[in-house]
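Observations on the model geometry
Listed here are the chains, written in short residue letters.
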Amino acid sequence: MGRPVGIVILFCLLAQAATTFDLSADFSLRNNPNEAWQYGYSETNSLDPAQFRIDKSTGALGQIGFWHPSVSDRPGPGYYPYVAYNSAKQTRLGSSNGWAARAGEVAMEASNSGQYSLIRFVAPAPGTYQVTARFEGIHFGLSSTDVHVLHNATSLFDFEIEGYGGDPAFHAVEGISPTAAYSGKIDLKANDTVTFACGYGKNKTNFSDTTGLFAQVILLSEVGRRK
């Protein structure tokens, strides 16, 4: 009896040790900051953490909701950069039917002046975290963006998205680099940040640039619980 009980206890301890923060499952159009997540943008064309600003306004296009820098019901000042989210259980068309986000997918687009669309995770506790991200071009006009993952001000991942890598039922997958993925373990202190960023790319325009993101941050072991 002792051995099976011990195995069960060990399993429970391991299960408790890993806490998952899933960008899609946790997404909120009511709260910002939203627990460990923040939706925002850079004030200038810079990934310096000091440039981060919180989005203030929300909007909706069917089941796709948006965070914008300020109140705006159409493209222009205050609209870009945006962070959007498809709350439906199926792929849905976005602005002007020019792009499509998968179920639960977050969509990002920079401004035409180079401001980044940013999503920031703030570590609630010190520990070792597993960070994963998948970016994909989702605009039918073929996205051309630069995407990044940063730990505070240090770059962990940089890539150029060129093409469409979204739901193939809506548009053929094409382009030289339509998707990009990152996975890595990092040690974070409490209140350290992991930032997922989308810029306007090497062509320096946000035209047809909508880029999708799925991301998870998993707390594998908390410093205070290590033995």
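Every value quoted in this text rests on a predicted model; they were computed, and no experiment measured them.

This part is about the environment of L188. Within the secondary structure, L188 sits in strand β15 (residues 179-188). A C-alpha to C-alpha distance of 7.9 Å links L188 and A125, two positions 63 residues apart in sequence. For L188, the contacting residues outside a window of four places in its chain are F121, A123, A125, P126, G127, Y129, H151 and V194.

Considering the arrangement of structural elements, one finds T179 in strand β15. Owing to a relative accessible area of 26%, T179 belongs among the partly exposed residues under this scheme. Along the sequence, T179 and F135 sit 44 residues apart, while their C-alpha atoms lie 5.6 Å from each other. Those residues in contact with T179 that lie beyond four places of it in its chain are R134, F135, E136, F159, I161 and G165.

To continue, consider the pattern of salt bridges. Scanning all chains against the criterion turns up 3 salt bridges. Among the ionic pairs, E43 bridges to R53, the shortest N-O distance being 2.4 Å. Of this pair, E43 sits in the loop between β2 (37-42) and β3 (52-54) while R53 sits in strand β3; the two residues are 10 residues apart in sequence, bridging distant segments of the chain. Take E43: its relative accessible area is 44%, and that puts it in the partly exposed class. The partly exposed category is assigned to R53, whose relative accessible area is 29%. Residue R102 is joined to E136 by a salt bridge in which the shortest nitrogen-to-oxygen separation is 2.9 Å.

Right, let's get into the packing of aromatic side chains. Applying the stated rule across the entire model yields 17 aromatic pairs. Consider the rings of Y79 and Y80, whose centres lie 4.9 Å apart with planes at 75 degrees: the pair is edge-to-face. Taking the relative accessible area as the measure of exposure, Y79 reaches 7% and is therefore buried. Consider the rings of F157 and Y182, whose centres lie 5.7 Å apart with planes at 40 degrees: the pair is tilted. Taken together, the residues span a long stretch of sequence, with F157 in strand β13 (residues 154-164) and Y182 in strand β15 at a distance of 25 residues. Note on F157: relative accessible area 13%, which makes it buried.

The general pattern is negative phi for most residues beyond glycine and trans for most peptide bonds. Following N32, the chain continues to P33 via a peptide bond in cis, the omega torsion being 5 degrees. The topology assignment puts P33 in the loop between α2 (23-26) and β2. Cis geometry marks the peptide bond from Y80 to P81; its omega dihedral reads -10 degrees. The topology assignment puts P81 in the loop between β5 (64-68) and β6 (82-86). A positive phi angle, close to 60 degrees, is found at S208, a residue other than glycine. Tracing the backbone shows S208 in the loop between β16 (193-198) and β17 (211-222). On the basis of relative accessibility, which here comes to 11%, the residue S208 falls in the buried class.

Rules and cut-offs
- Residues numbered from 1 in each chain as written.
- Predicted model: local features only at pLDDT ≥ 70, side-chain atom pairs only at ≥ 80, totals over all residues.
- Heavy atoms only, no water.
- Helix = DSSP H or I, 4+ residues; strand = E, 2+ residues; numbered from the N terminus.
- Contact = heavy atoms within 4.5 Å.
- Buried < 20%, exposed > 50% of the residue type's maximum accessible area, 1.4 Å probe, protein only.
- Salt bridge = Lys/Arg side-chain N within 4 Å of Asp/Glu carboxyl O.
- Phe/Tyr/Trp six-rings, centres within 6.5 Å; stacked < 30°, edge-to-face > 60°.

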